[in-house]
Amino acid sequence: QVQLVESGGGLVQPGGSLRLSCAASGSFYRINDMGWYRQAPGMQRELVASESLVETWYADAVKGRFTISRDNAKNTVYLQMNSMKPDDTGVYYCHANIQSTYYSDEHYWGKGTLVTVSS
């Protein structure tokens, strides 16, 4: 059973930094895309950043402030968030597209970690 477990959320002041981590566990063939979504109160879930085997993508709202990175040896994706703003507040979800075998893949989600940016 594949699981994604996030950590690193919390309360931070405007202008501060946080680092989120998401580790994939279980038995699988390969991890393709990994990324981070967030859901602000009353809003739809939106993609913040993703890293595939060939490219990295950021939402315009976080470009220049957030950095996504992966440690493939640890099956872990990170999101370094700097110069944070109150609008960054929300539940952050890890997502991964994982191949259980060479011929099949599925989308997995973590349970989410709350990030609050407030003074």
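How each quantity is defined
Residues numbered from 1 in each chain as written. Predicted model: local features only at pLDDT ≥ 70, side-chain atom pairs only at ≥ 80, totals over all residues. Heavy atoms only, no water. Helix = DSSP H or I, 4+ residues; strand = E, 2+ residues; numbered from the N terminus. Buried < 20%, exposed > 50% of the residue type's maximum accessible area, 1.4 Å probe, protein only. Phe/Tyr/Trp six-rings, centres within 6.5 Å; stacked < 30°, edge-to-face > 60°. Lys NZ or Arg CZ within 6 Å of the ring centre and 35° of its normal. Pairing = 2+ DSSP bridges. Axes fitted to C-alpha atoms, helices over the stretch in contact; angles between N-to-C directions.

**Considering unusual backbone geometry**
Next up, step 1: Residue asparagine 75 is not a glycine yet carries a positive backbone phi of 55 degrees.
Next up, step 2: Take asparagine 75: it is sitting in the loop between β7 (66–71) and β8 (76–81).
Next up, step 3: By relative accessible area, which is 26% here, asparagine 75 ends up partly exposed.
Next up, step 4: The backbone of serine 83 shows a phi angle near 45 degrees, a positive value even though the residue is not glycine.
Next up, step 5: According to the relative accessible area criterion, serine 83 is partly exposed, its value standing at 42%.

**A look at the packing of aromatic side chains**
Next up, step 1: Overall, the coordinates contain three aromatic pairs when judged by the stated rule.
Next up, step 2: Both rings, one in tyrosine 29 and one in tyrosine 102, keep their centres 5.9 Å apart while their planes meet at 80 degrees; by these two values the pair is edge-to-face. Within this pair, whereas tyrosine 29 is found in the loop between β3 (18–25) and β4 (30–39), its partner tyrosine 102 is found in the loop between β9 (90–101) and β10 (104–109), the two being separated by 73 residues in sequence.
Next up, step 3: Here tyrosine 29 falls in the partly exposed class, since its relative accessible area comes to 45%.
Next up, step 4: Summarising the aromatic geometry, the rings of tyrosine 102 and tyrosine 103 are spaced 5.1 Å apart at their centres and angled 85 degrees between planes, so their arrangement reads as edge-to-face.
Next up, step 5: With a relative accessible area of 54%, tyrosine 102 lands in the exposed category.
Next up, step 6: For arginine 45, the ring lying beneath its charged end belongs to tyrosine 93, and the centroid distance is 3.7 Å.
Next up, step 7: Stacked on the ring of tryptophan 109, the Lys or Arg arginine 45 has its end atom at 4.8 Å from the ring centre.

**Some words on the sheet that holds β3**
Next up, step 1: Taken in spatial order, the four strands make up an open sheet running β1-β3-β8-β7, and their pairing is antiparallel. At either margin of the open sheet sits one strand with a lone partner, and together these are β1 (3–7) and β7. Geometrically, the sheet is characterised by an average inter-axis angle of 15 degrees between neighbouring strands, direction not taken into account.

**Regarding the pairing of β3**
Across a regular strand the side chains alternate sides, sitting on one face of the sheet and then on the other.
Next up, step 1: As paired elements, β1 and β3 share five bridges and run antiparallel to each other. Counted as the bridge partner of glutamine 3 is serine 25 from β3.
Next up, step 2: With six bridges joining them, β3 and β8 adopt antiparallel strand pairing. Looking at the pairing, arginine 19 lines up with glutamine 80 of β8.

Read these as geometric descriptors, not functional statements.
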